[in-house]
Amino acid sequence: MNKILVIEDEQLVRENILERLQAEDFDTISATNGLVGVQMARAHRPDLIICDVMMPELDGHGVLMALRQDPITATTPFIFLTAKADKVDLRQGMELGADDYLTKPFTKAELLGAIAARLKIKAVLTQQSEQKLTELRKSITHALPQELLSPLMEVFSFTQTLIEDCTSLKPHEILETAQDINNAAVHLQRVVENFIMYAQIELLATNSEEVKALSYCHTHDPSAIIAELTTQKAKQYRRKADLIIEEVVDTTVWIARQDLKKVVEELIDNAFKFSEAGTPVHIKATQSDEHYRLWITNYGPTMTPEQVNSIGAYTRFERKVYEQQGLGLGLVIAKRLTELHSGQLTIQSPSDSQTTVCVALRC
(Lines give C-alpha, C1' and ligand atoms only; values in the text may rest on other atoms or scores of the structure.)
Protein backbone atom coordinates (compact mmCIF):
# COMPACT_ATOMS: atom_id res chain seq x y z
CA MET A 1 0.00 0.00 0.00
CA ASN A 2 1.44 3.35 -1.05
CA LYS A 3 1.70 6.04 1.61
CA ILE A 4 0.77 9.61 0.62
CA LEU A 5 1.43 12.75 2.63
CA VAL A 6 -1.00 15.65 2.10
CA ILE A 7 0.23 19.10 3.18
CA GLU A 8 -2.65 21.57 3.03
CA ASP A 9 -3.63 24.36 5.43
CA GLU A 10 -7.28 24.58 4.34
CA GLN A 11 -9.15 22.01 6.39
CA LEU A 12 -11.98 21.33 3.92
CA VAL A 13 -9.59 20.84 1.00
CA ARG A 14 -7.30 18.63 3.06
CA GLU A 15 -10.12 16.42 4.33
CA ASN A 16 -11.60 16.13 0.85
CA ILE A 17 -8.30 14.93 -0.59
CA LEU A 18 -7.74 12.48 2.25
CA GLU A 19 -11.25 11.06 1.83
CA ARG A 20 -10.71 10.50 -1.90
CA LEU A 21 -7.35 8.83 -1.33
CA GLN A 22 -8.61 6.58 1.47
CA ALA A 23 -11.45 5.46 -0.78
CA GLU A 24 -8.76 4.20 -3.19
CA ASP A 25 -7.00 2.28 -0.38
CA PHE A 26 -4.03 4.64 -0.05
CA ASP A 27 -2.31 4.91 3.33
CA THR A 28 -2.60 8.63 4.15
CA ILE A 29 -1.00 11.08 6.55
CA SER A 30 -1.49 14.85 6.64
CA ALA A 31 0.00 18.12 7.83
CA THR A 32 -1.66 21.50 8.36
CA ASN A 33 1.32 23.65 7.35
CA GLY A 34 4.67 23.47 5.63
CA LEU A 35 6.85 23.17 8.73
CA VAL A 36 4.88 20.21 10.04
CA GLY A 37 4.83 18.76 6.53
CA VAL A 38 8.63 18.70 6.31
CA GLN A 39 8.83 16.98 9.69
CA MET A 40 6.18 14.41 8.67
CA ALA A 41 7.97 13.67 5.40
CA ARG A 42 11.26 13.00 7.16
CA ALA A 43 9.66 10.90 9.87
CA HIS A 44 7.27 8.79 7.75
CA ARG A 45 9.05 8.68 4.36
CA PRO A 46 5.92 8.72 2.18
CA ASP A 47 5.86 7.30 -1.35
CA LEU A 48 4.39 10.58 -2.66
CA ILE A 49 3.70 14.09 -1.37
CA ILE A 50 0.83 16.40 -2.31
CA CYS A 51 1.47 19.95 -1.15
CA ASP A 52 -0.30 23.30 -1.40
CA VAL A 53 1.77 26.24 -2.60
CA MET A 54 0.27 29.09 -0.53
CA MET A 55 0.57 28.27 3.19
CA PRO A 56 1.54 30.03 6.43
CA GLU A 57 4.73 29.24 8.35
CA LEU A 58 6.44 27.73 5.29
CA ASP A 59 5.01 27.83 1.76
CA GLY A 60 5.07 24.97 -0.73
CA HIS A 61 8.24 26.19 -2.45
CA GLY A 62 10.02 26.25 0.92
CA VAL A 63 8.78 22.74 1.67
CA LEU A 64 10.03 21.42 -1.66
CA MET A 65 13.40 23.13 -1.29
CA ALA A 66 13.88 21.64 2.19
CA LEU A 67 12.90 18.14 1.07
CA ARG A 68 15.06 18.17 -2.04
CA GLN A 69 18.10 19.08 0.07
CA ASP A 70 17.52 16.12 2.40
CA PRO A 71 18.86 12.77 1.09
CA ILE A 72 15.94 10.96 2.74
CA THR A 73 13.31 12.85 0.73
CA ALA A 74 15.33 14.14 -2.22
CA THR A 75 13.62 11.90 -4.79
CA THR A 76 10.14 11.53 -3.30
CA PRO A 77 7.51 12.30 -6.01
CA PHE A 78 6.05 15.75 -5.30
CA ILE A 79 2.79 17.22 -6.64
CA PHE A 80 1.89 20.87 -6.07
CA LEU A 81 -1.64 22.13 -5.46
CA THR A 82 -2.15 25.72 -6.51
CA ALA A 83 -4.81 28.26 -7.28
CA LYS A 84 -2.26 30.13 -9.36
CA ALA A 85 -1.61 28.83 -12.85
CA ASP A 86 0.69 31.51 -14.27
CA LYS A 87 3.78 30.38 -16.12
CA VAL A 88 6.27 32.00 -13.73
CA ASP A 89 4.84 30.17 -10.72
CA LEU A 90 4.83 26.85 -12.56
CA ARG A 91 8.39 27.36 -13.77
CA GLN A 92 9.62 28.14 -10.26
CA GLY A 93 8.13 24.96 -8.87
CA MET A 94 9.54 22.79 -11.65
CA GLU A 95 13.01 24.27 -11.25
CA LEU A 96 12.90 23.38 -7.55
CA GLY A 97 12.13 19.78 -8.48
CA ALA A 98 8.34 19.44 -8.49
CA ASP A 99 7.05 16.49 -10.51
CA ASP A 100 3.56 17.78 -11.33
CA TYR A 101 0.95 20.48 -10.71
CA LEU A 102 -2.77 20.34 -9.98
CA THR A 103 -4.69 23.59 -10.30
CA LYS A 104 -7.58 24.13 -7.89
CA PRO A 105 -10.32 23.17 -8.29
CA PHE A 106 -9.47 19.71 -9.64
CA THR A 107 -11.52 16.59 -10.18
CA LYS A 108 -11.06 13.22 -8.54
CA ALA A 109 -9.95 11.80 -11.89
CA GLU A 110 -7.27 14.48 -12.26
CA LEU A 111 -5.99 13.84 -8.73
CA LEU A 112 -5.83 10.07 -9.11
CA GLY A 113 -4.37 10.34 -12.61
CA ALA A 114 -1.50 12.54 -11.45
CA ILE A 115 -0.78 10.20 -8.53
CA ALA A 116 -0.88 7.09 -10.72
CA ALA A 117 1.54 8.63 -13.24
CA ARG A 118 4.09 9.58 -10.58
CA LEU A 119 3.89 6.24 -8.77
CA LYS A 120 4.28 4.38 -12.06
CA ILE A 121 7.51 6.25 -12.84
CA LYS A 122 8.79 5.53 -9.33
CA ALA A 123 7.99 1.82 -9.74
CA VAL A 124 9.89 1.67 -13.04
CA LEU A 125 12.96 3.32 -11.46
CA THR A 126 12.81 0.89 -8.53
CA GLN A 127 12.60 -2.06 -10.92
CA GLN A 128 15.60 -0.81 -12.89
CA SER A 129 17.61 -0.44 -9.68
CA GLU A 130 16.77 -3.99 -8.62
CA GLN A 131 17.79 -5.29 -12.04
CA LYS A 132 21.14 -3.53 -11.81
CA LEU A 133 21.72 -5.06 -8.39
CA THR A 134 20.97 -8.52 -9.76
CA GLU A 135 23.42 -8.03 -12.64
CA LEU A 136 26.05 -6.76 -10.22
CA ARG A 137 25.73 -9.83 -8.00
CA LYS A 138 26.11 -12.14 -11.00
CA SER A 139 29.13 -10.24 -12.32
CA ILE A 140 30.98 -10.25 -9.02
CA THR A 141 30.18 -13.93 -8.39
CA HIS A 142 31.60 -14.82 -11.80
CA ALA A 143 34.67 -12.62 -11.90
CA LEU A 144 35.99 -12.18 -8.37
CA PRO A 145 37.38 -15.75 -8.00
CA GLN A 146 39.26 -15.37 -11.31
CA GLU A 147 40.84 -12.08 -10.29
CA LEU A 148 41.86 -13.36 -6.87
CA LEU A 149 43.43 -16.48 -8.33
CA SER A 150 46.28 -14.78 -10.23
CA PRO A 151 48.02 -13.00 -7.30
CA LEU A 152 47.28 -15.93 -5.02
CA MET A 153 49.10 -18.25 -7.42
CA GLU A 154 52.07 -15.87 -7.38
CA VAL A 155 52.18 -15.96 -3.58
CA PHE A 156 51.91 -19.75 -3.65
CA SER A 157 54.71 -20.08 -6.20
CA PHE A 158 57.16 -17.83 -4.37
CA THR A 159 56.49 -19.38 -0.96
CA GLN A 160 57.01 -22.84 -2.46
CA THR A 161 60.39 -21.66 -3.71
CA LEU A 162 61.36 -20.56 -0.21
CA ILE A 163 60.22 -23.83 1.31
CA GLU A 164 61.88 -26.10 -1.23
CA ASP A 165 65.15 -24.19 -1.66
CA CYS A 166 65.55 -22.61 1.77
CA THR A 167 68.90 -24.33 2.39
CA SER A 168 70.46 -23.38 -0.93
CA LEU A 169 69.15 -19.83 -1.36
CA LYS A 170 71.55 -16.98 -0.72
CA PRO A 171 70.47 -14.03 1.44
CA HIS A 172 69.94 -11.70 -1.51
CA GLU A 173 67.84 -14.37 -3.26
CA ILE A 174 65.68 -14.77 -0.15
CA LEU A 175 65.23 -11.00 -0.05
CA GLU A 176 64.24 -10.88 -3.74
CA THR A 177 61.72 -13.69 -3.26
CA ALA A 178 60.28 -11.96 -0.19
CA GLN A 179 59.90 -8.78 -2.24
CA ASP A 180 58.11 -10.75 -4.96
CA ILE A 181 55.74 -12.17 -2.34
CA ASN A 182 55.12 -8.69 -0.99
CA ASN A 183 54.39 -7.33 -4.47
CA ALA A 184 51.92 -10.15 -5.13
CA ALA A 185 50.24 -9.46 -1.78
CA VAL A 186 49.95 -5.76 -2.60
CA HIS A 187 48.43 -6.69 -5.97
CA LEU A 188 45.95 -8.98 -4.23
CA GLN A 189 45.03 -6.27 -1.74
CA ARG A 190 44.43 -3.79 -4.58
CA VAL A 191 42.22 -6.27 -6.46
CA VAL A 192 40.07 -6.90 -3.38
CA GLU A 193 39.82 -3.20 -2.51
CA ASN A 194 38.82 -2.27 -6.07
CA PHE A 195 36.19 -4.98 -6.28
CA ILE A 196 34.72 -3.88 -2.96
CA MET A 197 34.75 -0.24 -4.05
CA TYR A 198 33.20 -1.07 -7.40
CA ALA A 199 30.40 -2.99 -5.67
CA GLN A 200 29.83 -0.06 -3.30
CA ILE A 201 29.71 2.38 -6.21
CA GLU A 202 27.14 0.34 -8.12
CA LEU A 203 25.03 -0.12 -4.99
CA LEU A 204 25.19 3.61 -4.35
CA ALA A 205 24.23 4.35 -7.96
CA THR A 206 20.95 2.47 -7.46
CA ASN A 207 20.05 4.68 -4.49
CA SER A 208 18.89 8.01 -5.86
CA GLU A 209 18.85 9.56 -2.39
CA GLU A 210 22.54 8.86 -1.84
CA VAL A 211 23.41 10.05 -5.34
CA LYS A 212 21.54 13.28 -4.62
CA ALA A 213 23.56 13.72 -1.42
CA LEU A 214 26.80 13.49 -3.42
CA SER A 215 25.91 16.72 -5.23
CA TYR A 216 26.67 18.64 -2.02
CA CYS A 217 30.18 17.17 -1.54
CA HIS A 218 33.14 19.37 -2.42
CA THR A 219 36.93 19.61 -2.05
CA HIS A 220 38.73 22.92 -1.48
CA ASP A 221 42.32 21.99 -2.40
CA PRO A 222 42.46 19.66 -5.41
CA SER A 223 45.94 20.89 -6.35
CA ALA A 224 47.40 19.60 -3.06
CA ILE A 225 45.83 16.18 -3.63
CA ILE A 226 47.07 16.02 -7.21
CA ALA A 227 50.62 17.05 -6.24
CA GLU A 228 50.81 14.57 -3.37
CA LEU A 229 49.47 11.55 -5.28
CA THR A 230 51.41 12.16 -8.50
CA THR A 231 54.64 12.47 -6.53
CA GLN A 232 53.91 9.28 -4.59
CA LYS A 233 53.17 7.31 -7.76
CA ALA A 234 56.26 8.62 -9.54
CA LYS A 235 58.37 7.53 -6.56
CA GLN A 236 56.62 4.13 -6.43
CA TYR A 237 57.46 3.47 -10.09
CA ARG A 238 60.96 4.98 -9.64
CA ARG A 239 60.19 7.57 -12.31
CA LYS A 240 60.39 10.89 -10.51
CA ALA A 241 62.34 12.33 -13.44
CA ASP A 242 59.50 11.41 -15.83
CA LEU A 243 56.85 13.38 -13.93
CA ILE A 244 56.15 16.79 -15.48
CA ILE A 245 53.59 18.98 -13.69
CA GLU A 246 52.86 21.75 -16.19
CA GLU A 247 50.17 23.76 -14.46
CA VAL A 248 47.77 23.02 -11.60
CA VAL A 249 45.33 25.76 -10.62
CA ASP A 250 43.39 25.63 -7.37
CA THR A 251 39.68 26.06 -6.77
CA THR A 252 36.76 24.31 -5.06
CA VAL A 253 35.54 21.27 -6.97
CA TRP A 254 32.23 19.47 -6.46
CA ILE A 255 33.41 15.99 -5.55
CA ALA A 256 33.97 14.23 -2.23
CA ARG A 257 37.59 14.40 -1.11
CA GLN A 258 38.07 10.63 -0.84
CA ASP A 259 36.53 10.14 -4.29
CA LEU A 260 38.83 12.73 -5.88
CA LYS A 261 41.80 10.96 -4.31
CA LYS A 262 40.69 7.62 -5.74
CA VAL A 263 40.15 9.08 -9.22
CA VAL A 264 43.57 10.76 -9.28
CA GLU A 265 45.33 7.72 -7.81
CA GLU A 266 43.92 5.28 -10.38
CA LEU A 267 44.57 7.53 -13.37
CA ILE A 268 48.12 8.37 -12.33
CA ASP A 269 48.82 4.70 -11.64
CA ASN A 270 47.63 3.77 -15.15
CA ALA A 271 49.73 6.53 -16.70
CA PHE A 272 52.93 5.13 -15.18
CA LYS A 273 51.96 1.47 -15.49
CA PHE A 274 51.28 1.64 -19.21
CA SER A 275 54.25 3.74 -20.31
CA GLU A 276 57.95 3.04 -20.41
CA ALA A 277 60.50 4.47 -18.01
CA GLY A 278 62.19 7.46 -19.59
CA THR A 279 59.00 8.73 -21.24
CA PRO A 280 57.21 11.73 -19.68
CA VAL A 281 53.93 11.73 -17.78
CA HIS A 282 52.35 15.19 -18.07
CA ILE A 283 49.94 16.59 -15.46
CA LYS A 284 47.87 19.72 -15.97
CA ALA A 285 44.80 21.12 -14.20
CA THR A 286 42.90 24.14 -15.52
CA GLN A 287 39.66 26.00 -14.82
CA SER A 288 37.28 27.37 -17.45
CA ASP A 289 33.53 27.51 -18.15
CA GLU A 290 32.77 26.69 -14.50
CA HIS A 291 34.62 23.38 -14.85
CA TYR A 292 37.87 22.11 -13.39
CA ARG A 293 39.75 19.89 -15.83
CA LEU A 294 42.56 17.51 -14.93
CA TRP A 295 44.65 16.31 -17.89
CA ILE A 296 46.96 13.28 -17.59
CA THR A 297 49.05 12.33 -20.61
CA ASN A 298 51.44 9.41 -21.04
CA TYR A 299 53.42 8.13 -24.01
CA GLY A 300 52.83 4.40 -24.09
CA PRO A 301 50.53 2.00 -25.97
CA THR A 302 47.36 3.75 -27.07
CA MET A 303 43.75 2.67 -26.66
CA THR A 304 41.48 1.80 -29.56
CA PRO A 305 37.98 3.30 -29.81
CA GLU A 306 36.61 -0.16 -28.93
CA GLN A 307 38.66 -0.24 -25.74
CA VAL A 308 37.52 3.25 -24.76
CA ASN A 309 33.87 2.36 -25.36
CA SER A 310 34.18 -0.85 -23.36
CA ILE A 311 34.84 1.18 -20.20
CA GLY A 312 31.12 1.88 -20.16
CA ALA A 313 30.35 -1.80 -19.51
CA TYR A 314 30.37 -1.18 -15.79
CA THR A 315 28.62 -4.35 -14.63
CA ARG A 316 30.57 -6.78 -16.83
CA PHE A 317 33.87 -7.90 -15.36
CA GLU A 318 35.05 -9.60 -18.55
CA ARG A 319 38.75 -10.32 -18.67
CA LYS A 320 38.89 -9.45 -22.36
CA VAL A 321 37.76 -5.93 -21.42
CA TYR A 322 39.77 -4.84 -18.44
CA GLU A 323 42.89 -6.96 -18.83
CA GLN A 324 43.69 -5.33 -22.16
CA GLN A 325 46.56 -2.92 -21.98
CA GLY A 326 45.41 0.37 -20.53
CA LEU A 327 42.05 -0.98 -19.37
CA GLY A 328 41.70 -1.81 -15.68
CA LEU A 329 38.95 -1.90 -13.11
CA GLY A 330 40.59 1.17 -11.57
CA LEU A 331 39.85 3.12 -14.74
CA VAL A 332 36.21 2.02 -14.60
CA ILE A 333 36.03 3.10 -10.95
CA ALA A 334 37.52 6.51 -11.80
CA LYS A 335 34.95 7.00 -14.55
CA ARG A 336 32.02 5.97 -12.36
CA LEU A 337 33.08 8.17 -9.45
CA THR A 338 33.48 11.13 -11.79
CA GLU A 339 30.01 10.61 -13.28
CA LEU A 340 28.35 10.16 -9.88
CA HIS A 341 29.57 13.69 -9.08
CA SER A 342 28.09 15.04 -12.36
CA GLY A 343 31.50 15.12 -14.01
CA GLN A 344 32.89 13.54 -17.16
CA LEU A 345 35.93 11.38 -17.92
CA THR A 346 37.13 11.24 -21.53
CA ILE A 347 40.08 9.49 -23.18
CA GLN A 348 41.91 10.59 -26.30
CA SER A 349 44.63 8.70 -28.20
CA PRO A 350 45.52 11.07 -31.05
CA SER A 351 48.73 9.23 -32.03
CA ASP A 352 50.29 5.78 -31.85
CA SER A 353 52.12 6.54 -28.63
CA GLN A 354 50.08 9.11 -26.70
CA THR A 355 47.05 8.77 -24.43
CA THR A 356 45.38 11.65 -22.60
CA VAL A 357 42.73 11.23 -19.92
CA CYS A 358 40.67 14.31 -19.00
CA VAL A 359 38.50 14.56 -15.90
CA ALA A 360 36.04 17.48 -15.93
CA LEU A 361 34.37 18.42 -12.64
CA ARG A 362 32.04 21.22 -11.61
CA CYS A 363 33.74 24.04 -9.72
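Residues numbered from 1 in each chain as written. Predicted model: local features only at pLDDT ≥ 70, side-chain atom pairs only at ≥ 80, totals over all residues. Heavy atoms only, no water.

Enquirer: Break down the packing of aromatic side chains for me, citing the residues and quoting the values.
Expert: For the structure on display, the rule yields 3 aromatic pairs. Between the aromatic rings of F80 and Y101, the centroid separation amounts to 5.3 Å while the plane-to-plane angle is 40 degrees, which identifies the pairing as tilted. Here F80 is found in strand β4 (residues 78–82), whereas its partner Y101 is found in strand β5 (residues 100–103), with 21 residues between them in sequence. Each member of the pair, F80 together with Y101, is buried. Ring centres of Y237 and F272 lie 5.8 Å apart, and the angle between their planes is 15 degrees; this geometry places the pair in the stacked category. With Y237 in the loop between α8 (222–236) and β6 (243–248) and F272 in helix α9 (residues 257–273), the pair connects residues that are 35 residues apart, well separated along the chain. Residue class for F272 comes out buried when judged on its relative accessible area of 2%. (Phe/Tyr/Trp six-rings, centres within 6.5 Å; stacked < 30°, edge-to-face > 60°. Helix = DSSP H or I, 4+ residues; strand = E, 2+ residues; numbered from the N terminus. Buried < 20%, exposed > 50% of the residue type's maximum accessible area, 1.4 Å probe, protein only.)

Enquirer: Describe in detail the pattern of salt bridges, supporting the description with residues and values.
Expert: Here the structure, examined in full by the defined rule, presents 13 salt bridges. The salt bridge involving D70 is made with R42; its shortest N-O contact spans 2.8 Å. Residue D70 is located in the loop between α3 (60–68) and β4, and its partner R42 is located in helix α2 (residues 34–44); the two are separated by 28 residues in the primary sequence. Take R42: its relative accessible area is 37%, and that puts it in the partly exposed class. One salt bridge connects R239 with D242, and the closest N-O pair in it is separated by 2.7 Å. (Salt bridge = Lys/Arg side-chain N within 4 Å of Asp/Glu carboxyl O.)

Enquirer: Hey, could you go over helix α6 (residues 171–205) for me, with residue numbers and the actual values?
Expert: The end-to-end C-alpha distance of α6, which contains 35 residues, comes to 51 Å, matching closely the 51 Å that a straight helix rising 1.5 Å per residue would cover. Among all positions of α6, only T177, I181, A184, L188, V191, N194, F195, Y198, A199, I201 and E202 are buried. (Expected span 1.5 Å × (residues − 1).)

Enquirer: Outline a nonpolar patch on the surface, supporting the account with residue identities and numerical values.
Expert: Taken together, the side chains of L149, M153 and F156 present a nonpolar region at the surface, about 320 Å² in accessible area. Summarising the element assignment, L149 is placed in helix α5 (residues 108–165). Judged by its relative accessible area of 48%, L149 is partly exposed. (Patch = residues over 30% accessible without salt bridge, like charges linked within 9 Å, V, L, I, M, F, W, Y side chains within 5 Å. Areas by Shrake-Rupley, 256 points an atom, 1.4 Å probe, with all protein chains shown as cover.)

Enquirer: Go over the sheet that holds strand β1 (residues 3–7) with me, naming the residues and quoting the values.
Expert: Strand order in this open sheet of 5 strands is β2-β1-β3-β4-β5, and the pairing throughout is parallel. The sheet terminates laterally at β2 (27–31) and β5, the two strands that pair on one side only. Neighbouring strand axes in the sheet, compared pairwise and without regard to direction, differ in orientation by 20 degrees on average. Here β1 runs beside β2; their pairing, made up of 5 bridges, is parallel. Bridging from a neighbouring strand, L5 pairs with I29 of β2. Sitting on the sheet, helix α1 (residues 11–23) is in contact with β1, β2, β3 (48–52) and β4, with an inclination near 170 degrees to β2. (Pairing = 2+ DSSP bridges. Axes fitted to C-alpha atoms, helices over the stretch in contact; angles between N-to-C directions. Contact = heavy atoms within 4.5 Å.)

Enquirer: I'd like a description of unusual backbone geometry, backed by residues and values.
Expert: As a rule of thumb, non-glycine residues mostly have phi less than zero, and peptide bonds are mostly trans rather than cis. Following K104, the chain continues to P105 via a peptide bond in cis, the omega torsion being -10 degrees. For P105, the position within the fold is in the loop between β5 and α5. Not every positive phi belongs to a glycine, and D25 is a case in point at roughly 65 degrees. Here D25 shows up in the loop between α1 and β2. On the basis of relative accessible area, D25 is assigned to the exposed category, the value being 58%. Positive phi is not limited to glycine here, since E57 has a value of about 70 degrees. One can find E57 in the loop between β3 and α3.

Geometry only, nothing functional implied.
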